[in-house]
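For reference, the chains in residue letters:
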Amino acid sequence: MKSKAKDVMENNQNKKYLGSVNLSDEDLEDMSLEISYSEGTRLITFILGEEKYGLDILKVRELISFPEGLTRIPGMPDFIIGMFNLRGLVIPVMDLRKKFKMSSEERHEFSVIIIVEVDNKNIGLTVDSVSDVIFVKEENIQETTDLAVNVDTNFIKGVAKTKDEMVILLDIDFLLSKEEFDTLLEDKSE
Amino acid sequence: MDNPALEEFVEEVEDILEDLEDGVLLLEGQPNKRSLIDRIFRDMHTIKGGAGMVMETELAEYAHHFENLLDKARNGEIVCTPEMASLLLGSIDGFRSFMDKIREGGEVNQVLIDQTLEQLREFEKNAGKTATKPIAEKSVEKTKGTDTSQFETTPDEKIKPEQSSAPEEKKIESVKSEEQEDVQWDDDDEGEEIAYLLHLKFDSEMLGKGSDPILLIKELTELGDLAMIPHLGSLPDLKNLDPEELHIWWSAKLVTTHPAEEIENILIFFQDDKNEVNFEAAESPPEDPGLASLGIYNEPENKEQKQINVDDSESKPEEAESISEPETEPKEGTESKSESEDDDDDGFEKEITKEADSPEEEKESKSIPEPEKKSPPKDTAKKDTGIKTTQSIRVTIDKLDNLQNLVGETVINQARLHLLSEQIMRVDDNLGEMLLQFVEDNEKSVQELQDQILQVRMIPVGSILNNMKRTVRDYATRSKKKIRLEIEGGDTELDKTVTEQLQGPLVHLVRNSMDHGIEDSETRIKNGKDPTGTISLKASQQEGYVIVEIEDDGKGIDSKVIFDLAVRKGFLNETDEINEEDIYKLLFMPGFTTATEVTDVSGRGVGMDTVKRDIEALLGTIEISSELSKGTSTKLKLPLTLAIIEGMMIDVGHQVFTIPLLSVNESLRPVPKQIKKIKNKGELVEIRGEYIPMLRLHERLNIKPRFKEPTEGLVVVVQHANRKQCLFVDEIVDQGPVVIKSMEDNFIQVPGIAGATILGDGRVSFILDVPSLVN
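The structure presented is a predicted model; accordingly, all values stated were derived computationally and were not measured.

Attention shifts here to the overall build of chain B. Counting its regular elements, chain B contains 26 helices and 24 strands. The buried share of chain B, taken over its 775 residues, is 35%. Considering only residue pairs separated by 6 or more positions, chain B has 72% of its internal contacts joining residues 24 or more positions apart.

A few words on the overall build of chain A. In terms of regular secondary structure, chain A is built from 5 helices and 11 strands. In chain A, which comprises 190 residues, the share counted as buried stands at 25%. For chain A, the proportion of contacts with a sequence separation of at least 24, taken over those separated by at least 6, is 52%.

Between chain A and chain B, the contact holds 21 residues from the first and 19 residues from the second. Breaking the side of chain A that touches chain B down by element, the ones donating at least two residues are β4 (80-86), β5 (89-95), β7 (121-127) and α5 (178-189) of chain A. For the side of chain A that touches chain B, the leading source of residues is β5(A), giving 4 residues. Of the residues contributing to the side of chain A that touches chain B, the split by class is 13 nonpolar, 6 polar and 2 charged.

Once that is clear, we can look at the environment of B:Ile767. Residue and element names in this part refer to chain B. Take Ile-767: it is sitting in strand β24 (residues 764-768). Under the C-beta neighbour-count criterion, Ile-767 is labelled buried, with 21 such atoms within 10 Å. C-alpha of Ile-767 to C-alpha of Thr-658: the two residues are 109 residues apart in sequence and 4.5 Å apart in space. Setting aside residues no more than four positions away along its own chain, Ile-767 makes contact with Gly-647, Thr-658, Pro-660, Ile-740, Ile-753, Ala-754, Gly-755, Ala-756 and Thr-757.

Let's shift gears to the pairing of strand β1 (residues 194-201) of chain B. Residue and element names in this part refer to chain B. Of all 8 residues in β1, 6 are buried; the element is thus mostly enclosed. In this structure, β1 lies alongside strand β3 (residues 249-256), joined through 7 bridges in antiparallel fashion. When the sheet's bridge partners are listed, Leu-197 is paired in β3 with Lys-253. Bridge count for β1 against strand β4 (residues 276-281) is 6 bridges, and the pairing is antiparallel. Considered in β4, the bridge of Lys-201 is made with Glu-276.

Packed helix pairs are specified by the crossing angle of their axes together with the interaxial distance, meaning the distance between the axes. Residues and elements named next belong to chain B. It is the contact of helix α9 (residues 213-223) with helix α10 (residues 260-267), at a shortest axis distance of 10 Å, that shows an interaxial angle of 170°. Comparing the axis directions of α9 and α10 gives the class roughly antiparallel. You can see that α9 and α10 cross each other, and the crossing is right-handed. In this structure, α9 uses Leu-216, Glu-219, Leu-220 and Leu-223 to contact α10, whose residues at the interface are Glu-262, Ile-263 and Ile-266. Among the residues forming the contact of α9 with α10, the class breakdown is 5 nonpolar, no polar and 2 charged.

What follows deals with the nonpolar core. One finds B:Ile659 and B:Val716 to be the most contacted residues of the largest nonpolar core, which totals 118 residues. Those residues in contact with B:Val716 that sit more than four places away from it in its chain are B:Ile650, B:Ile659, B:Val664, B:Ser667, B:Leu727 and B:Val729.

All right, on to the sheet that holds strand β2 (residues 224-231) of chain B then. All names here are of chain B. An order of β2-β3-β1-β4 is seen for the 4 strands of this open sheet, with the pairing classed as antiparallel. The two strands at the open ends of the sheet, each matched to only one other strand, are β2 and β4. Neighbour to neighbour, the strand axes of the sheet diverge by 15° on average, direction disregarded. As judged from the 8 bridges shared by β2 and β3, these two strands associate in the antiparallel manner. Bridging across to β3, Ile-229 finds its partner in Ser-251.

Residues and elements named next belong to chain B. When pLDDT is averaged across chain B, the result is 74; 75% of the residues are at 70 or more. Low pLDDT, under 50, characterises residues 131-181; the stretch is placed with 62 contacts to residues that sit more than four places away or in other chains. pLDDT under 50 marks residues 285-387. Its contacts with residues more than four places away, or in other chains, come to 164 contacts. Model confidence for the complex is summarised by a pTM of 0.51, with the ipTM given as 0.75.

The next thing to look at is the sheet that holds strand β12 (residues 621-627) of chain B. Residue and element names in this part refer to chain B. Spatial ordering of the open sheet is given by β8-β10-β11-β13-β12, a layout of 5 strands whose pairing is mixed. Taken across any chain shown, the strands that pair with only one partner, and hence form the sheet edges, are β8 (483-488) and β12. For this sheet, the mean angle separating the axes of adjacent strands, direction not counted, is 15°. Sheet topology places β8 next to strand β10 (residues 533-542); 6 bridges connect them, and they run parallel.

Residues and elements named next belong to chain B. Two elements in contact, helix α18 (residues 462-479) and helix α19 (residues 496-517), have axes whose closest approach is 10 Å; the angle formed by their N-to-C orientations is 30°. As judged from the angle between their axes, α18 and α19 are roughly parallel. In this structure, the crossing between α18 and α19 has a hand that is right-handed. Residue-level inspection shows Ser-463, Ile-464, Asn-467, Met-468, Thr-471, Val-472 and Tyr-475 of α18 in contact with α19, the latter providing Thr-499, Leu-502, Gln-503, Leu-506, Val-507, Val-510 and Met-514. Of the residues contributing to the contact of α18 with α19, the split by class is 9 nonpolar, 5 polar and no charged.

Residues and elements named next belong to chain A. Averaged over every residue, the pLDDT of chain A is 75; residues scoring 70 or more account for 72%. Scored below 50 in pLDDT, residues 12-21 shows 10 contacts in the model against residues more than four places distant or in partner chains. Counting contacts from residues 27-36, a segment whose pLDDT is below 50, to residues more than four positions away or on other chains yields 12 contacts.

Let's shift gears to α18(B). All names here are of chain B. Taking 1.5 Å per residue, 18 residues should reach 26 Å; α18 reaches 26 Å between its end C-alpha atoms and fits that length. The elements touched by buried residues of α18 are α1 (4-29), β7 (458-460), β8, α19 and β10. One or two positions beyond α18, positive phi appears at Lys-480, with a value near 65°.

Further remarks concern unusual backbone geometry. Residues apart from glycine generally show negative phi values, whereas peptide bonds are mostly found in trans. Positioned with a positive phi, A:Lys101 is a non-glycine residue whose angle comes to about 55°. Within the fold, A:Lys101 resides in the loop between α3 (96-99) and β6 (112-118). Note on A:Lys101: 11 C-beta atoms within 10 Å, which makes it exposed. Non-glycine residue B:Ser629 carries a positive phi angle of around 65°. As for its placement among the helices and strands, B:Ser629 is situated in the loop between β12 and β13 (631-639). Judged by the 14 C-beta atoms lying within 10 Å of it, B:Ser629 falls in the partly exposed class.

All names here are of chain A. Within the secondary structure, Glu-186 is located in helix α5. Residue classification places Glu-186 among the exposed positions, given that 8 C-beta atoms sit within 10 Å. Between the alpha carbons of Glu-186 and Met-76 there is a distance of 9.8 Å; along the sequence they are 110 residues apart.

Note that β12(B) and β13(B) share 7 bridges and pair antiparallel. Bridge pairing in β13(B) places B:Ser625 opposite B:Ser633.

Residue and element names in this part refer to chain B. By secondary structure assignment, the location of Val-111 is in helix α5 (residues 110-130). Given 9 C-beta atoms within 10 Å, Val-111 falls into the exposed group. As for Val-111 and Gly-94, which are separated by 17 residues in sequence, their C-alpha atoms are 9.6 Å apart.

So, how was this worked out
- Residues numbered from 1 in each chain as written.
- Chains lettered and ligands numbered in written order.
- Predicted model: local features only at pLDDT ≥ 70, side-chain atom pairs only at ≥ 80, totals over all residues.
- Helix = DSSP H or I, 4+ residues; strand = E, 2+ residues; numbered from the N terminus.
- Buried ≥ 20, exposed ≤ 12 C-beta atoms within 10 Å, placed from the backbone.
- Contact = placed C-beta atoms within 7 Å.
- Nonpolar A, V, L, I, M, F, W, Y, C, P; charged D, E, K, R; others polar.
- Pairing = 2+ DSSP bridges.
- Axes fitted to C-alpha atoms, helices over the stretch in contact; angles between N-to-C directions.
- Parallel < 35°, antiparallel > 145°, perpendicular 65-115°, else oblique.
- Left-handed = near helix turned anticlockwise from the far one by under 90°.
- Core = buried A, V, L, I, M, F, W, Y, C linked by C-beta atoms within 7 Å.
- pLDDT = per-residue confidence, 0-100.
- Expected span 1.5 Å × (residues − 1).

Spelled out as structure tokens, the structure:
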């Protein structure tokens, strides 16, 4: 029982803000009180072109408006649009539109950079605009292989359905993995 | 390892092991030096005590065996032979294995432990047979007894210097009683160091007569350590000062092994009616020619100066923790010469007030101030050990790194503040002016802060040079070659990170020298050389670099053999002409030296390319020069620190890049006739008769430049090792210190870029990787 309680505690930490609280009769009978959450993820959603994308909010470090000075990195492909100084950290920025080979769009007042942290590395991602923070239950996430989206499906984990819309889940770990970065160097030599 | 006590213990033991290793190596050369055996014994005992405290019983027991051995050595039952030294060195490896176990978990190297213990038993058995003189004198036993009982009664405690300073006194007695003993300690033969207090007051017209006290002082310095206090009390105002008159007089303390007559002989020339020049033996032990023993710090208001020394490699536990005993007089911690200068200033002031108060009295007092005389000798003894006191704290390198990053931030912000206040100036003169003033004042503190932080990270390079002693010793024992290691400039300071990363390449180079450089004794004798080969390690500081030279007097490298090999390996054509310097550079080519062929024919070992890579990773350079049958010299040139470099900011197509200033030779705007185009070889710039290849930086970086021709822009001549390269840039923007940020922290290593930095306006600028641009 104890270990179960611990499990719940851990879950608790991950999904502090989750809304649903289910108290099963069994649990109540068994011991004092146990709270369990349904499985799911909190996502930050953003707009890119026509579609809405989502990524795990635990990976997001902060949102910033477009920095004043970006310095281009010589020899890098065009979707790495440069590096900038975030309070002393030198952080690269990836233009997701360019990365996903969409038509590029003029920057406007809603243009935002999402700073994500993957493998202790901080990387900025440009998006058209950030829209919301949502919670998606596990059962509403559909692992997909064939999706009619404009994006290379390698970078997509699946699709999450909410009441009135569909959110494409980005596989941020893969997008910013060492293997992916290594291909940047190959691109250069070609 | 979450236990902080354990962590502390491991760190402490590691320091002790270093001291122990050093001690054992010294002992091998001077087997009868009592003070060394004592030192090793103390170290061993501290390990044992500490191990007991942190419940590492196996370790404590292990240490106990060796402590016993050393105790026998102290009692003269055993003489330290090379075998015993090997045994002790083996035990150090054993201890290190224990440390690894504690730190990383896992198992201790039981084979090693058993082996060393077995050797120990073997040794003790043999030593027991050959020991000629079992000690008998009870007096000696007794003094020893008190000595050790001091330790034994406190098994639960780590041996703290407070304790060791007490036995110190007893040792004075015990050493005396040993004189009647059969065991002859070299310490006695050497002629003990004695401290003399000198009083040097000269005729004020001395200078006019063509004499000079400096000459005397110079002669005295040759005898030993001389610490001097000038007395400036009678120095008149500048306007009344007659440069031909001598107004200063000195108190001095000389610690020397030379007999008193020699001092007498020097002073005799100055001893006449008008000069007051005399000396007497000081009663304090001579270890430290500290100023406090001169007795000038006798005034009650003397503040106690505590030294916080953040220094994680040097501080030995005794220095770190010994705290002055309360009953002694106030004193100041004098640590090094440079600090003693500061202390001198205090000294001046005090002397001045003192003399002003009682000039008569001062004249009468024959030699050095009264308190010295009043205080009983024992007191001064304690005092002297107290002078060594340096308080230090241990700080993990991570904390320093963070601190340094923050300071780097502040430096960058400072530049931004500067820009901002200039902008405000345009709007509001008054406010802008005030702000600018403040920013400029602040800049000094920030600069100071940065310097201090860098200073804290600096550790003497000697710590790793000394590690080579063991490497050389072990090799020499194994190979039957005779090798002497000379170390010079061990106090040269380098950033801790650089120092640590230097260790690997250094071991490699020293091994190469031993393996392929130094010949065996017979060959050396045949060639008319000293049968003992010499490897010297020299460190020195030169214009913002630290130079480390590894030199041997071995057989050298035959440049012809390298050339032939290079041709055979296809690196060169037989017809190529190549100068001497470039030939040695071939040794760094990957794949060139991995084969044993080189070892057979010319004598330089494996993996020089790795060494080169390691040194270049430290932003350093490496050069080899050699003379056949005379020896080989390898010179490493390293930056003082990795975190901050002097940079030259250049503009290419409105993008600012930074070139490490260390690599920049010069910059110029060439005239058209200096530019030569050569088919298939690109462009060359002729500078003072030398043709240097030119790289159009904008092409390499794929940037649209402002200028198409070098004659409109500038060329910056950079150099890496001996290779020069002209870089065509639009213009030079700025020059100054930059904080290096690793590209890999948040991204990947980008070819051609060594790192990034943040400019004054907050933008990122990339630091160009000169070695890759040059090749």
